[in-house]
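Tertiary structure, described
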Amino acid sequence: MTMIPLHRRISNKLARLALVMAMSVGLMVSVVQVSHDFTSQRQENAKIVTRILNAANPTAQRAILTLDPFLAQEVVNGLVSYEFIISATIVDELGTTLAQTDRRRMDSRTRWLTPFLADEFERFTVRLSVPKKPVDESGSLAVVVDTDRTLLPFYARASITLLSVLLLIVFVVMLLLAVFYILLTKPLLRVISDLANVDPDDPERPMTPISPLSRSHEHDELGLLRDTGNRLIAAISARIHQLRESNAALAFNEQRFKDYTAAASDWFWEQDASLRFVALPDNPANPAFAHDYVWTGKALWEVDGADISEPKWIAHIADLKARREFRNFRTEHQLPDGRIRKLEISGMPYFDASGAFRGYRGVATDVTEAARVEEQLAHTANLESLGRLTGGIAHDFNNLLAIIQGNLELLGEDLEDQGLPPDRVATAIQATLRGSELTQQLLAIARRQHLVTRPVDINQIVVSTQKMLLRVLESTIHIKTYLAEDLWIADIDVSRMENVLINLALNARDAMPDGGLLMIETGNMTIAADSAAHFGADVVPGDYVRLTLSDTGVGMPPDVQKRIFEPFYTTKPLGSGTGLGLSQIHGFIKQSGGYISVYSEIDNGTTFQLYLPRSLESPHELDTREPPAADTTHLPDAQVLIVEDDPDLRQLARTIVEGLGLRVLVSGSGEEAVAKARAADGIDLLLSDIVLTGQMTGRDVGDTLQQLYPDIAIIYMSGYAERALMHRGQGDPNAMLLQKPFQRKELINAIASLLAPESMRQAMD
C-alpha cells in the first residue's frame, strides 16, 4: 500500500480545518474582548487625566488669579511629570500663555500600532474659574497626552490575551489531530490496507475480507464502511469467479471457432450496408477464396459479372432488399487460372443497436466436388432408368427373337430335307443373331446380362486380345503394354472382358485417324475410405485391379465426356455407330462390381481406367476352344416338362425337344407345371422360363420338383440373368441357365450335357 503523506491525510486536513476555525473564532472573540478592553482603557485614561487636571485646578486658578507665573510654572511642571503627558499649558483670560512645559516623547515598540487605533495625541482642557469673573473670561489649563503611553497596559493585556488564545488553539488542534488519527485515520488506513490486498488481477491470490475494527466503530460510519467493503469484496470475488468461468468458456469457444475456421474449407465473409464485400480474410485451404482483392468492394453479382436478369438472381436480390436470411444460394466463380468453381453461399442480415441495417454476414462453401457428385448421381440415375427400360425391352424382344430364330432353324431344316435352297432362311437367322447381339448390349447397359465370372489374370486377357488388336487396328497405330508382374487376380467374365478391350481399342483407332499410340497398362490399386469419393460417388473402398487404356487421339470436350456412357449417344456420323459401345462397357463393369472413369483433353488424348474387383481365389487358365457339338444319339428315354407362359415359344421348345425323341409335357404357369409333375410317372428334365405368369417363378417350380424328384435336371431360360439366382458353374450341378434368345443347337447341347454327360465329356476330350 502506498503511504499517504502527513499533509494529505484526512486527520491532518481536519486538524488544519479545525485550526482555521478555532483561530477564526478565537480571533473574533479576542478582537471583541480586546476592543472592549481598548474602549475601557480609553475611558480609564480619560478619567485619570481628568482627575489629574481637577487636582491641579485649584493651584492653577490661584496662579491665574494672582497672575503668578512661577506658580503656574510649577503647576505645568507637575503635570508634565506624568510620563503620558508630554505638554502642559496655562493661559490667562486674555489668551496669554502664563506657563508652558513640553518634553520629548518616549519611544516604544507599540508606537507603530497606535495610529491604527486612535489619534497619537489627545488634548484635554479645563477652564480655570476666577472669582467675580465669568467662565469664558477665565483662563484655561490644557495638557497633551501621548496616546501610545496610555495604551501600554492595554497592549500588554491584549498580547497576553492573544497569546493565550493562540496557545489554546494550538493545543486544541493537536488534540483534535490525535483524536482524528486515532478515531478516523488509523481505522481508515486499516480498511485501505485490507482493500489493497484485494487484487482482482492475481487469480492465485485469495480475496480476504476486511479485518474487524474496534467495538467503538461497529455501528458508526467506519463499521458501515467495513461491512460495505466486505460485501463489495464478496461481490467482486463472486464476479471474478464468474468472469473467470466466462473468460475460460469464451477462450475455449474462441479457440474452438478458430480451430473450426482453420480446419474448414469454408469462407466467412461480411458485406456492408451497400451489399459489398469488406475485410475478406484469406483462406488458403480453398483457392476459390484465396484472392480477396477479387471480392473486396464488389457485390456478389459483380465478382464474375453475373446476369442479374436470370430468375435465380432476381429472387436473390429480392431477398437482399427485403433484408431476409438466405441459404445455399449457388453461383459460379472463376479462379485467376481460369478454372470454374461452384460456390454455395448463405448469409443473414445484421443490424446495429438502433435497428439500422449494417449489412450481411455469412459463409461460402466450395461445392464444386459435391456438385460433380450430384451430377454423377443424376447421371447414374438416368442410366439406371434407361437400364430398366432397355432391360424390359430386351426381355420381351428376346422372347420374340427366340420364337423367330427357333422357327427359322426348323424351317431351314425342312427346306434342306425338301432339296430347296435355305439361303434366305440363313439370312433371316443371321438377322436374328444380330438382333440377339443388340439385346445383349441392351442387357449389358441394364446390368442384366448373363455373366460367367471366374478368377483370371487380366494380363493373360490383354496378351491374348493384343494379337487380335494388331489385326483390326491400322498399321499407323502402335500398341505398348505395361503389365504388372505382381498383378492381383480379378473376378470377371473373360469373353465380355475381351469385347471391352476390343471396343475401347476401336474407339481409340477412330480418335487417331492419322495414327498414334495406344498404351495398355495393368496395376494394383487400393482405394482407401477417405479417398473413395475422389473416384466416384458410389465407389466402395477396397482392392482393385486397374486396367488403363490411353490413346494420343483428338480427345473429348467436357460436355461430351459427361454423356459418353449414355445409351445411343454418339459423336460419330449417322450410320457409323449405334452409341451402345461405351454404355455397354459401363454396364458390364458396374455389373461386375467395378468402376470406370474417363479423362480427356482436346488434342491430348483420352484415358479410360477400369477398376475390377480383386479375387482371392486361384486363377483359371483361359480356354479358347470352341464347345463341341452335342451327340444326341445316346440320349436316354426321358420325360421333359416345359414351362413357358409364351405359347409360341412354348410350342417351339416342344418341337425341338420332341425332335430329339424325348417325351414332353408342357405348361403355361408354375402352378400347372407342379400339378402335372405330381400326376406324372416321373420327370427327368425341367425346361422352364424364370419369369412366369402367376405366383410361382421358374425357380420356385425347380425347387418344388427337386423335392419330388431329387435327381431331376433343370434348364432355366430367361432374358433377365439376375433372376436366375445362380450361374453356370455355380449352385446345383444338375441345373443350367440358357440365355434368351438361344439357338436350337444351344438348347440341344444343354439337354445333352445334362441327360448324356458322358458323351459330352468324350467329345471334349
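Every chain is numbered independently, its residues counted from 1 as its sequence is written. For a predicted model such as this one, the threshold for reporting local features is a pLDDT of at least 70, and the threshold for listing and counting side-chain atom pairs is 80 or more; totals across whole chains, interfaces and linings nevertheless cover every residue. Processing note: side-chain calculations cover all non-hydrogen atoms of the structure and skip hydrogens and water entirely.

**Concerning the sheet that holds strand β5 (residues 267–271)**
The pairing of strands in a sheet comes from backbone hydrogen bonds and takes either a parallel or an antiparallel form. What counts here: Paired strands, as defined in this entry, are two strands with at least two bridges between them according to DSSP. By the criteria applied, helices consist of DSSP H or I runs no shorter than four residues and strands consist of E runs no shorter than two, each listed in order from the N terminus. Comment: axis = line fitted to C-alpha atoms, over the contacting stretch for helices; angle = value between 0 and 180 degrees taken between N-to-C directions. Here a residue-residue contact requires only that any non-hydrogen atoms of the pair lie within 4.5 Å.
Pairing in this open sheet of four strands is antiparallel, and the strands run β5-β8-β7-β6 from one edge to the other. Strands at the two margins of the open sheet, each flanked by one partner only, are β5 and β6 (326–334). Direction aside, the axes of adjacent strands within the sheet are offset by 30° on average. Relative to strand β8 (residues 357–366), β5 runs antiparallel, the two being bridged by five bridges. Bridging across to β8, Trp-269 finds its partner in Gly-362. Its contacts with the sheet put helix α8 (residues 311–321) on β6 and β8, and the angle it makes with β6 is roughly 125°.

**What about the packing of helix α17 (residues 670–679) against helix α18 (residues 698–708)?**
Short version of the rule: If an angle is under 35 degrees, it is roughly parallel; if it is over 145, roughly antiparallel; if it lies from 65 to 115, roughly perpendicular; otherwise it is oblique.
At their nearest, the axes of α17 and α18 sit 10 Å apart, and the two run at 10° to each other. With respect to α18, the axis of α17 lies roughly parallel. On α18, the residues touching Gly-670, Ala-673, Val-674, Ala-677 and Arg-678 of α17 are Val-701, Thr-704, Leu-705 and Leu-708.

**Comments concerning the side chain of Asp-457**
Cut-off, in case you're wondering: Whether a residue is buried, partly exposed or exposed follows from its accessible area with a 1.4 Å probe, protein chains only, as a fraction of its type maximum: under 20%, in between, or over 50%, in that order. When charges are tallied, Lys and Arg are placed among the positive residues and Asp and Glu among the negative ones, while His and the ends of the chain are skipped. Any carboxyl oxygen of Asp or Glu within 4 Å of a side-chain nitrogen of Lys or Arg constitutes a salt bridge here. We call two N or O atoms a polar contact when they sit within 3.5 Å, provided that within protein one can donate a hydrogen and the other can accept it, with sequence-adjacent residues counted only if both atoms are side-chain atoms.
Secondary-structure assignment places Asp-457 in the loop between β9 (453–456) and α11 (458–472). The buried charged residue Asp-457 lacks any salt bridge partner; its closest oppositely charged side chain belongs to Arg-614, at an N-O distance of 11 Å. Here the side chain of Asp-457 touches Asn-459 through a polar contact of 3.0 Å, landing on its backbone nitrogen. Discounting residues that sit within four places of it in the chain, Asp-457 has contacts with Leu-487, Ile-489 and Pro-619.

**Re the sheet that holds strand β1 (residues 85–91)**
Strands sit in the order β2-β1-β4-β3 across an open sheet of four strands; the sheet is antiparallel. The sheet is open, and its two borders are formed by β2 (97–102) and β3 (121–128), each paired with just one other strand. For this sheet the average axis-to-axis angle between neighbouring strands, irrespective of direction, equals 10°. As defined by bridge partners, β1 adjoins strand β4 (residues 139–146) across six bridges and the pair is classed as antiparallel. Counted as the bridge partner of Ile-85 is Val-145 from β4. Relative to the sheet, helix α2 (residues 69–80) contacts β1, β2 and β4, its axis offset from that of β2 by approximately 30°.

**Notes on the confidence of the model for the protein**
Our working rule: Every residue gets a pLDDT, meaning the predictor's confidence in that residue, from 0 to 100.
Taken residue by residue, the protein gives an average pLDDT of 77. The fraction at 70 or more is 73%. Scored below 50 in pLDDT, residues 721–731 makes 23 contacts in the model with residues more than four places away or belonging to other chains. Predicted confidence for residues 760–765 stays below pLDDT 50, and this span has eight contacts to residues more than four positions away or in other chains.

**Points about a nonpolar patch on the surface**
How we decide: A patch consists of residues exposed above 30% relative accessible area that lack any salt bridge, with like charges linked at up to 9 Å and nonpolar side chains (Val, Leu, Ile, Met, Phe, Trp, Tyr) linked at up to 5 Å. Methods summary: accessible areas were calculated by the Shrake-Rupley approach with a probe of 1.4 Å, and residue burial reflects only the protein chains presented.
On the surface, a nonpolar cluster with roughly 790 Å² of combined accessible area is contributed by Met-23, Leu-27, Val-31, Leu-162, Leu-163, Leu-166, Leu-167, Val-170 and Met-174. Counting residues per element, the nonpolar patch draws most heavily on helix α5 (residues 152–196), at six residues. Residue position: Val-31 is located in helix α1 (residues 10–66).

**Overview of the nonpolar core**
We count it as follows: Nonpolar cores are built from buried Ala, Val, Leu, Ile, Met, Phe, Trp, Tyr and Cys residues. Side-chain atoms within 4.5 Å join them into one set.
Among the nonpolar cores identified, the biggest contains 40 residues, and Ile-458, Met-497, Leu-547, Phe-608 and Leu-610 are the most heavily contacted of them. Top element by residues in this core is helix α12 (residues 494–511). It accounts for eight residues. Those residues in contact with Met-497 that lie beyond four places of it in its chain are Ile-461, Ile-492, Leu-547, Phe-588, Leu-610 and Leu-612. In this structure, Leu-652, Ile-656, Leu-687 and Ala-750 belong to the second largest nonpolar core, which totals 30 residues.

**Digging into the pattern of salt bridges**
Any two side chains of opposite charge can pair, on the condition that their charged atoms come close. In the structure shown here, the tally under the stated rule is 19 salt bridges. Put simply, Glu-658 and Arg-654 hold a salt bridge, and the shortest N to O gap is 3.0 Å. Placement of both Glu-658 and Arg-654 in helix α16 (residues 647–659) is noted, with a separation of four residues, approximately one turn of the helix. Take Arg-654: its relative accessible area is 29%, and that puts it in the partly exposed class.

**Regarding the pairing of strand β19 (residues 713–718)**
Counted residue by residue, β19 has six buried out of six residues, so it is predominantly covered. Both faces of β19 are covered, namely the face carrying Ala-713, Ile-715 and Met-717 and the face carrying Ile-714, Tyr-716 and Ser-718. Bridge analysis of strand β18 (residues 685–689) against β19 gives five bridges, and the strand direction is parallel. Looking at β19, one finds that Asp-689 is bridged to Met-717.

**Structural notes on the packing of α11 against α12**
Rule in force here: Handedness of a crossing is defined here by the sense of rotation of the near helix relative to the far one, left-handed for an anticlockwise turn of less than a right angle and right-handed for a clockwise turn. The residue classification treats Ala, Val, Leu, Ile, Met, Phe, Trp, Tyr, Cys and Pro as nonpolar and Asp, Glu, Lys and Arg as charged. All others, Gly included, are polar.
In contact at an axis separation of 10 Å, α11 and α12 are set at 40° when each is read in the N-to-C sense. One way to sum up the angle between α11 and α12 is to call them oblique. The element α11 and its partner α12 pack so that their crossing is right-handed. Within the contact between the two elements, α11 uses Ile-461, Val-462, Ser-464, Thr-465, Met-468, Leu-469 and Val-472 and α12 uses Val-494, Met-497, Glu-498, Leu-501, Ile-502, Ala-505, Leu-506 and Arg-509. Grouping the amino acids of the contact of α11 with α12 by side-chain chemistry returns 11 nonpolar, two polar and two charged.

**Topic: α17**
This is how the line gets drawn: Note that the arc is computed from the directions linking the helix axis to the C-beta atoms.
Buried within α17 we find Gly-670, Ala-673, Val-674 and Ala-677. Along the axis of α17, the buried residues cluster in a sector spanning 100°; they form a single face. Of the surrounding elements, those touching the buried residues of α17 are β16 (639–643), β17 (663–667) and α18. N-cap assignment for α17: the residue whose side-chain oxygen lies 3.3 Å from the backbone N of Glu-672 is Ser-669.

**Section: the packing of aromatic side chains**
Basically, it comes down to this: To pair, rings of Phe, Tyr and Trp, with the six-membered ring standing in for Trp, must have centres within 6.5 Å; the planes then decide the type, stacked if under 30 degrees apart, edge-to-face if over 60, and tilted in the middle. Criterion for a charge above a ring: Lys NZ or Arg CZ within 6 Å of the ring centre, and within 35 degrees of the ring normal.
Counted by the stated rule, this structure contains eight aromatic pairs. Both rings, one in Tyr-82 and one in Phe-84, keep their centres 5.8 Å apart while their planes meet at 40°; by these two values the pair is tilted. Looking at Phe-84, the relative accessible area reads 15%, which means it is buried. Arranged with centres 5.9 Å apart and planes meeting at 65°, the rings of Phe-351 and Phe-357 form a pair that is edge-to-face. What makes Phe-351 partly exposed here is its relative accessible area of 42%. With relative accessibility at 16%, the residue Phe-357 sits in the buried group. Through a chain of ring-to-ring contacts, the aromatic side chains of Phe-326, Phe-351, Phe-357 and Tyr-360 assemble into a single cluster. Just above the ring of Phe-329 sits the side chain of Lys-312; from NZ or CZ to the centre is 5.6 Å. A cation sits over an aromatic face here: Arg-614 above Trp-488, 4.0 Å from the ring centre.

**Points about the environment of Ile-317**
Within the element layout of this structure, Ile-317 appears in helix α8. Along the backbone, Ile-317 and Trp-301 are 16 residues apart, and their C-alpha atoms lie at a distance of 9.4 Å. Aside from chain neighbours lying at most four places away, what touches Ile-317 is Trp-301 and Ile-308.

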